[in-house]
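What the coordinates show
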Amino acid sequence: MFRFAYPEYLWLLWLLPLLVAVWAAAGQLARRRLNRFGRLETIRPLMPDASTGRRRLKFILFLTAFALLTLALARPQLGSKLREVESRGIEMMLVVDVSNSMLAEDFQPNRLERTKYAIDKLFDGLKQDRVGLVVFAGEPKVQLPITSDYRMAKAFAKRISPSMASVQGTSIGKALSLAEMSFSSGSGDSRVIILITDGEDHEGNVMQAAERAAEQGIRIFTIGIGTPEGAPIQIGGEFIKDDKGEMVVSKLGEPLLEKIAQATDGAYIRSTNQSIGLDEIVRTINNMEKGDLAALRFEEFNEQFQYLIGAALVLLLLEFLLLDRRNPLLRRFNIFGTDTGTESR
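Turning to its location among the elements, Asn110 is positioned in the loop between strand S3 (91-97) and helix H4 (111-125). Side-chain polar atoms of Asn110 contact the backbone nitrogen of Glu113, separated by 2.8 Å. Dropping the residues within four chain positions of it, Asn110 is found in contact with Met102, Leu103, Ala104 and Glu105.

Listing the buried residues of helix H8 (residues 254-263) in full gives Glu254, Leu257, Ile260 and Ala261. Projected onto a plane normal to the axis of H8, the buried residues spread over an arc of 125° and lie on a single side. Relative to its buried face, H8 has exposed residues pointing more than 90 degrees away, namely Pro255 and Gln262. Packing partners of the buried residues in H8 comprise helix H6 (172-181), strand S6 (191-197), helix H7 (206-215), strand S7 (219-224) and strand S12 (268-270). At the C-terminal side of H8, Asp265 shows a positive phi close to 60°.

Time to look at the packing of aromatic side chains. By the definition in use, this model includes two aromatic pairs. Aromatic side chains Tyr6 and Tyr9 sit 6.3 Å apart centroid to centroid with 80° between the ring planes, which places their arrangement in the edge-to-face category. A relative accessible area of 36% places Tyr6 in the partly exposed class. Between the aromatic rings of Trp23 and Phe59, the centroid separation amounts to 4.8 Å while the plane-to-plane angle is 10°, which identifies the pairing as stacked. Taken together, the positions of Trp23 in helix H1 (residues 15-35) and Phe59 in helix H3 (residues 52-73) put the pair 36 residues apart, joining distant regions of the chain. Overall, Phe59 belongs to the buried group, its relative accessible area being 13%. We note Arg159 situated over the ring of Phe156; from NZ or CZ to the ring centre the distance is 4.8 Å. The positively charged end of Arg191 is found above the aromatic ring belonging to Phe183, 5.8 Å away from the centroid.

Time to look at helix H5 (residues 150-158). Along H5, the positions that sit buried rather than exposed are Tyr150, Ala153 and Ala157. Looking straight down H5, one finds its buried side chains confined to an arc of 55°; they lie on one side. Exposed residues on H5 whose side chains face more than 90 degrees from its buried face are Arg151 and Lys158. In this fold, the buried residues of H5 make contact with H4, strand S4 (130-136) and strand S5 (140-147). By the N-cap criterion, in which a side-chain oxygen at the helix start approaches the backbone nitrogen of a residue two or three places on, H5 is capped by Asp149, the distance to Arg151 being 3.3 Å.

For the bond from Gln108 to Pro109, the omega torsion is 0°, close enough to zero to count as cis. The topology assignment puts Pro109 in the loop between S3 and H4. Look at Arg75: it is not a glycine, yet its phi comes out positive at around 55°. By the element assignment, Arg75 lies in the loop between H3 and strand S2 (76-89). With a phi angle near 60°, Asp265 is a residue other than glycine that sits in the positive phi range. For Asp265, a relative accessible area of 54% corresponds to the exposed category.

Each value, and the rule that gives it
- Residues numbered from 1 in each chain as written.
- Predicted model: local features only at pLDDT ≥ 70, side-chain atom pairs only at ≥ 80, totals over all residues.
- Heavy atoms only, no water.
- Helix = DSSP H or I, 4+ residues; strand = E, 2+ residues; numbered from the N terminus.
- Polar contact = N/O pair within 3.5 Å; in protein donor to acceptor, adjacent residues only side chain to side chain.
- Contact = heavy atoms within 4.5 Å.
- Buried < 20%, exposed > 50% of the residue type's maximum accessible area, 1.4 Å probe, protein only.
- Arc of directions from axis to C-beta.
- Phe/Tyr/Trp six-rings, centres within 6.5 Å; stacked < 30°, edge-to-face > 60°.
- Lys NZ or Arg CZ within 6 Å of the ring centre and 35° of its normal.

If you want it as structure tokens, here you go:
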């Protein structure tokens, strides 16, 4: 496994374009100053040892050394030893509706964006629990298998969108069934599904999936996002209309979500613009009995920064030894491909 111990230092690499811009501006200023004394074609024979190629090469060496030192500062490391780590926590599968109805704007900016924001905050507060992610519309899909890597989980959650659904519609039953099969073996009763949807279902096999979850000791917490009054769905600046040409209004369907939660000893929460409801559910989950969770983690890491520092020092030494002007002893070899025709005159 490769990682940077201090990835925040990689932001320094944004200085590279700035350094290039400063160097280019300095070169432009130098040419303007020379133009005050006459045309460059006339002045060049008076400076036979001046070398633009050398200055360019020195700058490239400096930039490369700067980049290598920045990478070294971030401390690249390679994992060298795996160890099974035991912890106690909950396995939590987030099942998120990505159907077009989640684009309704009764939540700002829309239901799906508010859900993604809440999930991102949820991951910030987790410590030893594991999380996974299932997205669904007409068909479900495991977007993220069970993991304790919250940074990766946040990255996957940010990419949630209706484009992930190959088939539109809303099949809550299929999504719950897939989530039930996605837990790791041996997690016991410490398994939780958090279903986030507007409650519309087009399949009708939801309660069977909920009953199977209850038999396996899986608790399902449901979050209804939307309002009973509903809101139209806008895609690409146009509102969705039905076969009769009337605007489609997506409304929150609470009764089904309440039944799912009751069947599995979970809880139902209606979202508001102030709170999606994840915080309330997490507080309940934290009071649950934790299970034993085993995970393989890299215990030891080999530092790689010293190789980068060594390469950077070599480049800086070359940059220091390389003169701005041509070496008279090597001038006849024309290493940098400059035009020396005027020098023989």
